[in-house]
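Structural characterization, general
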Amino acid sequence: MGQLEKKIAIITGGAQGLGEALSERLAREGCDIVIGDINLEGAEAAARRIATATGRKALAVKLDVTREEDVKALFDRAVNAFGRVDIVVANAAILIAEPIAEADAEKWRAVMNVNLFGYFLTTKYAARIMKAQRSGSIIQINSKSGKKGSYKNSAYAASKFGGIGLTQSLALELAEHGVRVNAICPGNLLDSPLWNDGPNALFKQYARNQGITEAQVRQKYIDQVPMKRGCTYDDICNVVVFLASDQSGYMTGQAINVTGGQEMR
């Protein structure tokens, strides 16, 4: 702990699940944090809990990453409170899996809008601040679906492939300004709320789309991993801390797999 002492970090989609875990880990490493999330009540609760647990400052801001005025307000709030932004973790994302012939066009567009356009807006305002500072690290939480197509899940895969293209393009553009841009491609977080909670949980979506039980979906995805387990929050947090720190100072434009060997490209 303490690798990021006195750094300022913004985390989008930071109120729950992986985003909340990332927010807490960055605070434990020494960051003051700003949690942006469409669920303001959840973001406020996470900020209070993390501040109490870590002794770091934690702010919550209502954020819809598809609304430019919200994204601008998030960065303005961070600069007004802390004077700078050192780390941005673009974590906000949604997943709606449907066969292409039956796909709802507006749902397909919504996935692209949050996952790709929202990432663009986040990087736009991060770049303005970080270029002026001549320093900063932008980290996108991408997916193994950004490296390989995803069965009956075309919108999500398309958005994540696009995210890697944006990451690489921004890395080229911002390198001369001292700003690094990288992505992390996690494996399946099989024990997370995304997979298990609510009517749109991925186990339910995939069981329905693939005509198998939820237990069979879990076993199917474990069997695809050479290390024979799902990805955990800690697996991803460890790499986020590395990419946010000076230890990765000669790395930019990378999309790092954290998949237990499932994806090697």
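Definitions and limits used
- Residues numbered from 1 in each chain as written.
- Predicted model: local features only at pLDDT ≥ 70, side-chain atom pairs only at ≥ 80, totals over all residues.
- Heavy atoms only, no water.
- Helix = DSSP H or I, 4+ residues; strand = E, 2+ residues; numbered from the N terminus.
- Buried < 20%, exposed > 50% of the residue type's maximum accessible area, 1.4 Å probe, protein only.
- Contact = heavy atoms within 4.5 Å.
- Expected span 1.5 Å × (residues − 1).
- Polar contact = N/O pair within 3.5 Å; in protein donor to acceptor, adjacent residues only side chain to side chain.
- Salt bridge = Lys/Arg side-chain N within 4 Å of Asp/Glu carboxyl O.

As for its position among the elements, V114 is in helix α4 (residues 105-133). Taking relative accessible area as the criterion, V114 reaches 16% and is therefore assigned buried. Residues V114 and Q168, spaced 54 residues apart in sequence, show a C-alpha to C-alpha distance of 19 Å. Not counting residues within four places of it along the chain, the set of residues in contact with V114 comprises V65, T66, A92, A93, I94 and Y119.

With that settled, consider α4. If you check α4, its first and last C-alpha atoms are 41 Å apart, about what 29 residues at 1.5 Å a residue would give, namely 42 Å. Near the N-terminus of α4, the side chain that reaches the backbone nitrogen of E106, with its oxygen 2.9 Å away, is that of D104. Just downstream of α4, R134 is the residue with a positive phi angle, here 60 degrees.

The next point concerns the pattern of salt bridges. Opposite charge on two side chains makes pairing possible when the charged atoms of those side chains draw close. Within this structure, the stated rule accounts for 15 salt bridges. Note that K72 and D76 form a salt bridge whose closest N and O atoms lie 2.8 Å from each other. One end of the pair, K72, and the other, D76, are both in helix α3 (residues 68-82), four residues apart, so they sit about a helical turn from each other. We classify D76 as partly exposed; its relative accessible area is 35%. A single network of salt bridges, built from pairs that share partners, joins E20, E24, R28 and R49.

Everything listed is a geometric property; what it means functionally is a separate question.
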